[in-house]
Amino acid sequence: AWTLKFWATHDQFRSTADRLLLLVPDGTSFSDPKVAVWLDGGSEEGFHVVPVHDSDFLRPVWGQSKCAGVILPDSIHKQASDLFIATLYRFVADGGKLMLVYDAGTFSLNGTFAAGRSRLSDMVGVDYALYDKLGDKTILWNRVSSTNAIVGQMEIPPGKYYPFHAETSATTAKDDFISSPGRKFETELRRYKYGDLEYPSFITSGNYTGEVLFHSSNGLVAGEHSYQKGSVLFVNLPLGYLKGNTDGLLLHAFLKYFAAHSLSLPYLMPVPDGVGGLVLNWHIDSNAAIKPLQEMSSWKLMQQGPYSIHITAGPDASQEGDTRGFNVEGNTVSQGLIRKFVALGYSVGSHGGWIHDFFSAHVETDNPKDLEKFLALNKNALEKASGKPVLEYSAPNGNQPPWVTHWLEAHGFVAYYFTGDTGMGPTQGYRNGEREGHNVWAFPILHLDRAAGFEEMSSEGYSASEIERWLIAITDFASEQQSVRLVYFHPPGILQYHDLVDRWLEQTGRLKAAGRFRWYTMTEVANFLNSREQVKWKVSENAGLMTVDATHPQTLDHETWRLPASRFAQPKIVLGSARVVRDNDAWMIIAGDGKDLRFETETLTK
């Protein structure tokens, strides 16, 4: 009854034809964080993910055809009845699309696992959950591999997978479930600082005839398999658990793959006007940055932008009294640099609290009440010098306990740099299974294998040519995937790469001139995303005609929908202001000023 009430009271902009049903056990609140990670992921990726209790999905009157696909999530849905499993089989056999994640449905309602293998193995196309045979070795941690082509299709950025170019010799997977002999896995997922990255997955066995997406020594990690008239995207990774613990990239990647690639759904894009780009985040720790900043004033870098410049503002750098700080209140050179940044349209933000190294060393251990004053001092000094509100933040040495995030949101900040969730676009982050904020956005860093800042790349031994290839690759990635990513550096660390950066800026300049790339500030993107969250839109279909209705309390200006041209004819604007643009294999509907928009398109035969 509670679920039916939810549907009955949901506003008129509830979507229908493009819904992705997230199946949730009866009695579980839709506000449970293990559910919310999926709803937030869907919202951030621009799709309609709708929670549905199992009992409603089982009812014949529910009308399962009124959805595009079904997601059975990990962690929260380990248990399932035989009736529920049989209904899933029937749904897929009749042509349904299912995304099945990790341990979902592996236990019966009484908490016992199925004898021999998962009850869903036949539909998945591979045997897993082999508790009888393997016991406590049923799930093991291992590194995860794929091909460059697939990680690109999954919208995972170069450097998060490594090698990111196909110049190294590839290994050949010999496992019996891979149907195509000689299939090459050229790259693996990596993590910042450490490189090696392992994930838990079920040991699998059998001859898998679907498309392998990811693989490890455990067997199949992810793949897409046809079952009768439908198909199953099986992800043998705990996506929801990972997102709840600062590793949300894979949940977002697979959700986007399922919705956009497997189902060809329209979606609301996460960037203004559908133009991707980068945030270049400068971290100024101390007065050691002054000479590099002066030297950089003649670089091509200064002819583009805007950038996000984050400053530790106090007179000291490591400890009180060392006089090595940027000293925003007392140094006229520092003040002049800030005025220059503001005049160029850059965003000036806070880098920690007043004394860079001291704050970093104490922020995790000391009483927050003793450290809040340093955050306030830093913010106030920068606002006085710049004449602008300080709305963005970066943690010194990446140290940002949850109390800092809460302080930032309470004091009007809208964005912060983040060393978790690496490889992702801006996201409303989760920590320890709980969402951290409501209107403040985390901007995860991009990294080249183990390194992110230029000085790290140098100390870790990456060659200048590889760094340049990476910069070119991430720029192409942001442009082609029409998304935003963050790169950061410290001015002293960039000096040795002047020529390399000049060549990089030639590439960004060409793409920018072609309308395919923008530099963004964190504030600009966060404000856009907060406005985007107020967009209400629905999809309806009738006799081959799809209609999209959208509304916003202030304006839809710059909001953009993307529709695959293989599935939809050229859209027509019926109400409101927008332009329709053909972009490679898709249509983009770019909204103009106005609160309401309606467009229609004919659905083409698949």
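It should be noted that the structure appears before, not after, this text.
All of these numbers come straight from a predicted model, not from anything done at the bench. (Residues numbered from 1 in each chain as written. Predicted model: local features only at pLDDT ≥ 70, side-chain atom pairs only at ≥ 80, totals over all residues. Heavy atoms only, no water.)

Draft legend 1. Representation of the overall build of the protein within the structure. A tally of regular secondary structure across the protein gives 19 helices and 32 strands. Its C-alpha atoms give the protein a radius of gyration of 25 Å, near enough to 25 Å, the size a compact globule of 606 residues would have. Viewed in the frame of its principal axes, the protein has a C-alpha envelope of about 75 × 55 × 50 Å. By the burial criterion, 60% of the 606 residues in the protein qualify as buried. Restricting to contacts in the protein with at least 6 residues of sequence separation, those with at least 24 account for 74%. As displayed, the protein has an accessible area near 23,300 Å², and 49% of this comes from carbon and sulfur atoms. Within the protein, one finds 55 positive and 69 negative side-chain charges whose respective centroids are separated by 4 Å. (Helix = DSSP H or I, 4+ residues; strand = E, 2+ residues; numbered from the N terminus. Rg over C-alpha atoms; globule rule 2.2 N^0.38 Å. Buried < 20%, exposed > 50% of the residue type's maximum accessible area, 1.4 Å probe, protein only. Contact = heavy atoms within 4.5 Å. Areas by Shrake-Rupley, 256 points an atom, 1.4 Å probe, with all protein chains shown as cover. Lys, Arg positive; Asp, Glu negative; His and termini not counted. Charge placed at Lys NZ, Arg CZ, Asp CG, Glu CD.)

Draft legend 2. Just the environment of D122, in detail. In this structure, D122 sits in helix α5 (residues 121-124). For D122, a relative accessible area of 44% corresponds to the partly exposed category. With 265 residues separating them in the primary sequence, D122 and G387 have C-alpha atoms 64 Å apart. Look past the residues within four positions of D122 in its chain and what remains in contact with it is Y89, R117, H225 and Y227.

Draft legend 3. Just the sheet that holds strand β30 (residues 578-583), in detail. In spatial order, the strands read β15-β28-β31-β30; together these four strands make up an open sheet with antiparallel pairing. Strands at the two margins of the open sheet, each flanked by one partner only, are β15 (267-268) and β30. Bridge count between β15 and strand β28 (residues 560-564): two bridges; the pairing is antiparallel. Each bridged residue has a counterpart across the sheet, and for L268 the counterpart in β28 is W561. (Pairing = 2+ DSSP bridges.)

Draft legend 4. View of unusual backbone geometry. At the junction of Y162 and P163, the peptide bond is cis and its omega measures out at 0° in the coordinates. Here P163 lies in the loop between β7 (161-162) and β8 (171-172). P306 follows G305 through a cis peptide bond whose omega is 10°. Secondary-structure assignment places P306 in the loop between α10 (290-296) and β17 (308-311). Positive phi outside glycine occurs at E155, with the angle close to 60°. Structurally, E155 is set in the loop between α7 (148-153) and β7. Its identity is not glycine, yet N584 carries a phi of approximately 55°, on the positive side. Within the fold, N584 resides in the loop between β30 and β31 (586-591).

Draft legend 5. Region of interest: the packing of aromatic side chains. Within the structure shown, the criterion is met by 32 aromatic pairs. Taking 5.6 Å as the distance between ring centres and 75° as the angle between the ring planes, the aromatic pair formed by Y89 and Y227 counts as edge-to-face. Taken together, the residues Y89 in helix α4 (residues 82-93) and Y227 in strand β13 (residues 219-227) connect sequence positions 138 residues apart. Y227 matches Y89 in its accessibility class, with the two residues each being buried. Centroid distance W282 to Y346: 6.2 Å. Interplanar angle 55°. Geometry classified as tilted. One end of the pair, W282, is in strand β16 (residues 277-284); the other, Y346, is in the loop between α11 (332-343) and β18 (347-351), with 64 residues separating them in the sequence. Accessibility classification places W282 together with Y346 in one group, the buried group. Put simply, the rings of W282, Y307, F341, Y346, F454, F489, Y497, W504, F517 and W519 pair up and form one aromatic cluster. Lying over the aromatic face of W587, R582 brings its terminal NZ or CZ to 5.0 Å of the ring centre. (Phe/Tyr/Trp six-rings, centres within 6.5 Å; stacked < 30°, edge-to-face > 60°. Lys NZ or Arg CZ within 6 Å of the ring centre and 35° of its normal.)

Draft legend 6. Molecular detail of the nonpolar core. Core analysis: the largest hydrophobic core is formed by 153 residues, its most contacted members being L20, F214, F254 and W282. Of the residues forming this core, the biggest block, nine residues, is contributed by helix α9 (residues 249-262). Other than its neighbours up to four places away in sequence, F214 contacts V144, S145, S146, V151, M154, I156, L189, L220, V221, A222 and F254. Formed by 20 residues, the second largest nonpolar core is a distinct cluster that contains Y192, V279, A415 and M522. (Core = buried A, V, L, I, M, F, W, Y, C linked by side-chain atoms within 4.5 Å.)

Draft legend 7. Molecular detail of the layout of surface pockets. Roughly 750 Å³ of internal volume is contained in the second largest pocket. In terms of lining, the second largest pocket is formed by 36 residues, of which the most central are Y192, K193, T419, G420 and T422. Considered class by class, the residues forming the lining of the second largest pocket number 13 nonpolar, 12 polar and 11 charged. (1 Å grid on protein atoms, 1.4 Å probe; cavity = no way out; pocket = protein on both sides within 12 Å on 5 of 7 lines; lining within 4 Å. Points joined across faces, edges and corners; volume = space filled by probe spheres on them. Nonpolar A, V, L, I, M, F, W, Y, C, P; charged D, E, K, R; others polar.)

Draft legend 8. Looking closely at the pattern of salt bridges. This model, assessed by the stated rule, comprises 25 salt bridges. The salt bridge involving K256 is made with E155; its shortest N-O contact spans 3.1 Å. Here K256, found in helix α9, pairs with E155, found in the loop between α7 and β7; they are 101 residues apart in sequence, far enough to count as distant. For the pair K256 and E155, a shared accessibility class is recorded, and that class is buried. Two residues, R190 and D196, come together in a salt bridge whose shortest N-O distance is 3.2 Å. Here R190 falls in the buried class, since its relative accessible area comes to 11%. If you follow the salt bridges from partner to partner, you end up with R143, E188, R190, D196, D449, R450 and E460 in one network. (Salt bridge = Lys/Arg side-chain N within 4 Å of Asp/Glu carboxyl O.)

Draft legend 9. The arrangement of the pairing of strand β24 (residues 484-489) in detail. Along β24, six of the six residues are buried, which leaves the element largely enclosed by surrounding structure. Residues V484, L486 and Y488 line one face of β24 and the alternating positions R485, V487 and F489 line the opposite face, and both faces are buried. In this sheet, β24 lies alongside β16 in parallel orientation, the contact comprising six bridges. When the sheet's bridge partners are listed, L278 is paired in β24 with R485.

Draft legend 10. Quick look at the sheet that holds strand β27 (residues 545-551). A sheet is described by the order of its strands in space; here four strands give the open sequence β26-β27-β32-β29, paired in antiparallel fashion. Looking along the sheet, the strands with just one partner apiece sit at the ends: β26 (536-542) and β29 (572-575). Strand-to-strand twist in this sheet, taken as the mean axis angle between neighbours without regard to direction, amounts to 25°. Sheet analysis places β26 next to β27, joined by seven bridges and oriented antiparallel. In the strand pairing of β27, K536 is matched with T551. (Axes fitted to C-alpha atoms, helices over the stretch in contact; angles between N-to-C directions.)

Draft legend 11. Molecular detail of empty space enclosed by the protein. Scanning the model with the defined rule gives two cavities of 30 Å³ or more in all. Estimates place the volume of the largest cavity at around 320 Å³. Of all the elements in the fold, those that place two or more residues in the lining of the largest cavity are α2 (33-45), α9, β24 and α19 (522-532). Per-element accounting of the lining of the largest cavity gives the leading share, four residues, to α9. Partitioning the lining of the largest cavity into residue classes produces 12 nonpolar, five polar and six charged. Taken as a whole, the second largest cavity spans an internal volume of roughly 30 Å³. Together, A17, D18, L265, P266, V539, E541, M546, R567 and F568 line the second largest cavity. Counted by class, the lining of the second largest cavity contains six nonpolar, no polar and three charged residues.

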